[in-house]
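Given next are the chains, with one letter for each unit.
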Amino acid sequence: MRLDMTSTQFTSRDNFLWTLVTASAPIVWGTTYVVTSQLLPAGFPFWSSVLRALPGGILGLLICRFLPKGVWIIRSVILSVLNIGIWFPLLFLAAYRLPGGIASVLAACQPLFVITFAWLLTAQSPTFWRIGWAVCGVFGIAIMVLAPGASLDWVGIAAGIVGTASMALGIVLTKRWGRPTDAFTWTSWLLSWSGLMLIPIAFLLEGNPPALTSTSLMGYLWLSLVGGLLTYWAWFSGLAKVSAVSAGFLPLLSPLVATLLGLVILGESLSTIQWLGFLLCLCTILLSQLQPSQFLSFLKFKDSSS
């Protein structure tokens, strides 16, 4: 059985729709921080990664009933490590050690990483337009993190940045290699590989898995089925349709969602300067998806309408 979200026709309208599909993944990933802090047992980043990846991966394999063959065994293992196997544990480590939106500081560096890797591996020359917005994204998150009163944990921040670099490399290699099957099957492969590879590491570093309660079970089900299987299906479907650099800006949505959830659910607050950083990130995401010519056309349209 194959479940795919692809089409042969590709227009500007399609690009907008596929960008929305791709963006749905980091929007959901932004819930990881509040779910981790409120529902999951503390101190188990590796077991939390296993329980997020493996159940959704196995469910996907049971549905698609198709395994990788030939060179795609090695490639799927490599991409599972980069996209999930490294990313998940460091993401949970950051979520355990940092509050809400600050835990998503990792997303700020991803556009610059993607631009660099795309230039080195796919000969996709960086443009000043995209580099400029990438720097704005970093600056916006930095304002939120380094503002007076912001909580800093350098281990958590380092984990976020390294995890972001890993995922950025995974994005570029996914674009370079493509995939041999539909996005749902591909997602199932990567989640299963990463979950299986993380089990011995989890036993070695954290001992036995944490006892499941009704609260933690709800958290793991959300992260595994919605935050794992469904959102990675959307992510890899969209990644086949939009450029690696455009997709690299979309994870900036995660800190914005995490920040809003921190405000609404956890009672966190932002200073005025942190709100400015928040708005700068939002503008960065929106404007980075446009070409300079499209942005100029929009400005001319606004001038003529006024």
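Cut-offs used in this document
- Residues numbered from 1 in each chain as written.
- Predicted model: local features only at pLDDT ≥ 70, side-chain atom pairs only at ≥ 80, totals over all residues.
- Heavy atoms only, no water.
- Helix = DSSP H or I, 4+ residues; strand = E, 2+ residues; numbered from the N terminus.
- Buried < 20%, exposed > 50% of the residue type's maximum accessible area, 1.4 Å probe, protein only.
- Contact = heavy atoms within 4.5 Å.
- Areas by Shrake-Rupley, 256 points an atom, 1.4 Å probe, with all protein chains shown as cover.
- Patch = residues over 30% accessible without salt bridge, like charges linked within 9 Å, V, L, I, M, F, W, Y side chains within 5 Å.
- Salt bridge = Lys/Arg side-chain N within 4 Å of Asp/Glu carboxyl O.
- Phe/Tyr/Trp six-rings, centres within 6.5 Å; stacked < 30°, edge-to-face > 60°.
- Lys NZ or Arg CZ within 6 Å of the ring centre and 35° of its normal.
- Polar contact = N/O pair within 3.5 Å; in protein donor to acceptor, adjacent residues only side chain to side chain.
- Core = buried A, V, L, I, M, F, W, Y, C linked by side-chain atoms within 4.5 Å.
- Axes fitted to C-alpha atoms, helices over the stretch in contact; angles between N-to-C directions.
- Parallel < 35°, antiparallel > 145°, perpendicular 65-115°, else oblique.
- Lys, Arg positive; Asp, Glu negative; His and termini not counted.
- pLDDT = per-residue confidence, 0-100.
- Expected span 1.5 Å × (residues − 1).

Colleague: What is the right way to read the overall build of the protein from this model?
Modeller: Looking only at helices and strands, the protein features 14 helices and zero strands. Along the protein, helices and strands appear, N-terminal first, in the series α-α-α-α-α-α-α-α-α-α-α-α-α-α. Going through the 306 residues of the protein one by one, you find that 50% of them count as buried. The contacts in the protein between residues at least 6 apart in sequence include a share of 89% that link residues at least 24 apart. For the protein, the computed accessible surface area is about 13,600 Å², with 72% contributed by carbon and sulfur atoms.

Colleague: Would you take a moment to explain a nonpolar patch on the surface for this structure?
Modeller: Taken together, Leu59, Ile63, Leu212, Leu217, Leu221 and Leu225 make up a surface patch of nonpolar side chains, about 470 Å² in accessible area. When contributions to the nonpolar patch are tallied by element, the ones reaching two or more residues are helix 3 (45–64) and helix 10 (214–239). Considering every element that reaches the nonpolar patch, the biggest residue donor is helix 10, with three residues. Tracing the sequence through the fold places Leu212 in the loop between helix 9 (183–206) and helix 10.

Colleague: Explanation requested: the packing of aromatic side chains in the structure shown.
Modeller: The description of an aromatic ring pair rests on the distance of the ring centres and on the angle between the ring planes. For the coordinates displayed, the defined rule picks out nine aromatic pairs. For the pair Trp47 and Phe203, a centre-to-centre distance of 4.8 Å together with 85° between the ring planes defines the contact as edge-to-face. A residue pair is termed long-range when its members are at least 10 positions apart, and Trp47 in helix 3 and Phe203 in helix 9 qualify at 156 residues. Note that Arg52 overlies the ring of Phe88, its terminal NZ or CZ placed 4.3 Å from the centroid. Arg75 extends its terminal NZ or CZ atom over the ring of Trp72, reaching a point 5.1 Å from the ring centre.

Colleague: I'm lost on the side chain of Thr231 in this one. Help?
Modeller: The residue Thr231 is located in helix 10 in this model. In this structure Thr231 comes out as buried when scored by relative accessible area, which is 5%. A polar side-chain atom of Thr231 sits 3.1 Å from the main-chain carbonyl oxygen of Val226. Setting aside chain neighbours within four positions, we find Thr231 in contact with Ser24, Ala25, Val28, Trp29 and Val226.

Colleague: Can you help me understand the nonpolar core in this one?
Modeller: Membership of the largest hydrophobic core comes to 37 residues, with the highest contact counts inside it found for Tyr232, Trp235 and Phe236. What Phe236 contacts, discounting residues up to four positions off in sequence, is Asn83, Thr174, Arg179, Ala183, Trp186, Thr187 and Leu190. Counting eight residues, the second-largest nonpolar core is a separate cluster that includes Phe249, Leu252, Leu256 and Phe278.

Colleague: I keep staring at the environment of Pro26 and nothing clicks. Help me out?
Modeller: Mapped onto the secondary structure, Pro26 falls in helix 1 (residues 12–29). According to the relative accessible area criterion, Pro26 is buried, its value standing at 0%. In this structure the C-alpha to C-alpha distance between Pro26 and Ser254, which are 228 residues apart in sequence, comes to 5.1 Å. Beyond its immediate sequence surroundings of up to four residues, Pro26 is in contact with Trp235, Leu250, Pro251, Leu253 and Ser254.

Colleague: What exactly am I supposed to notice about the packing of helix 4 (residues 71–85) against helix 8 (residues 154–177) here?
Modeller: Helix-helix packing is characterised by the crossing angle of the two axes and by the distance between the axes. Look at helix 4 against helix 8: their axes get within 7 Å of each other, and the N-to-C directions meet at 150°. Compared by their axis directions, helix 4 and helix 8 come out roughly antiparallel. Counting all contacts with helix 4, which are made through Trp72, Arg75, Ile78, Leu79, Val81, Leu82 and Asn83, the residues of helix 8 involved are Ser166, Met167, Leu169, Gly170, Ile171, Leu173, Thr174 and Trp177.

Colleague: How should unusual backbone geometry be read in this particular structure?
Modeller: Glycine aside, residues mostly have negative phi angles, and peptide bonds mostly take the trans form. At Arg65, a residue that is not glycine, the phi angle is positive and equals roughly 55°. Along the chain, Arg65 falls in the loop between helix 3 and helix 4.

Colleague: Can you walk me through the side chain of Arg52 in this structure?
Modeller: By the secondary structure assignment, Arg52 is in helix 3. Within the buried set, Arg52 has no salt-bridge partner at all; the shortest N-O distance to an opposite charge, 14 Å, is to Glu206. Apart from the residues lying within four places of it in its own chain, the contact partners of Arg52 are Trp29, Thr32, Phe88, Leu91, Phe92, Leu223, Ser224 and Gly227.

Colleague: Which parts of the structure should I look at to understand the confidence of the model for the protein?
Modeller: Low pLDDT means the predicted coordinates in that region are not meant to be read closely. With 80% of its residues at a pLDDT of 70 or more, the protein has an overall mean of 80. Considering only residues more than four positions removed or in separate chains, one finds that residues 1–10, a stretch of pLDDT under 50, has 28 contacts.

Colleague: Any chance you could explain helix 3 here in plain terms?
Modeller: Quick reminder: α-helices carry 3.6 residues per turn. Residues three or four places apart thus point the same way. Compared with the 28 Å implied by 1.5 Å per residue over 20 residues, the 29 Å span of helix 3 between its first and last C-alpha is a close match. Residues of helix 3 that are buried include every one of Pro45, Trp47, Ser48, Ser49, Val50, Arg52, Ala53, Leu54, Gly56, Gly57, Gly60 and Cys64, and no others. Immediately beyond the C-terminal end of helix 3, within one or two residues, lies Arg65, with a positive phi of roughly 55°.

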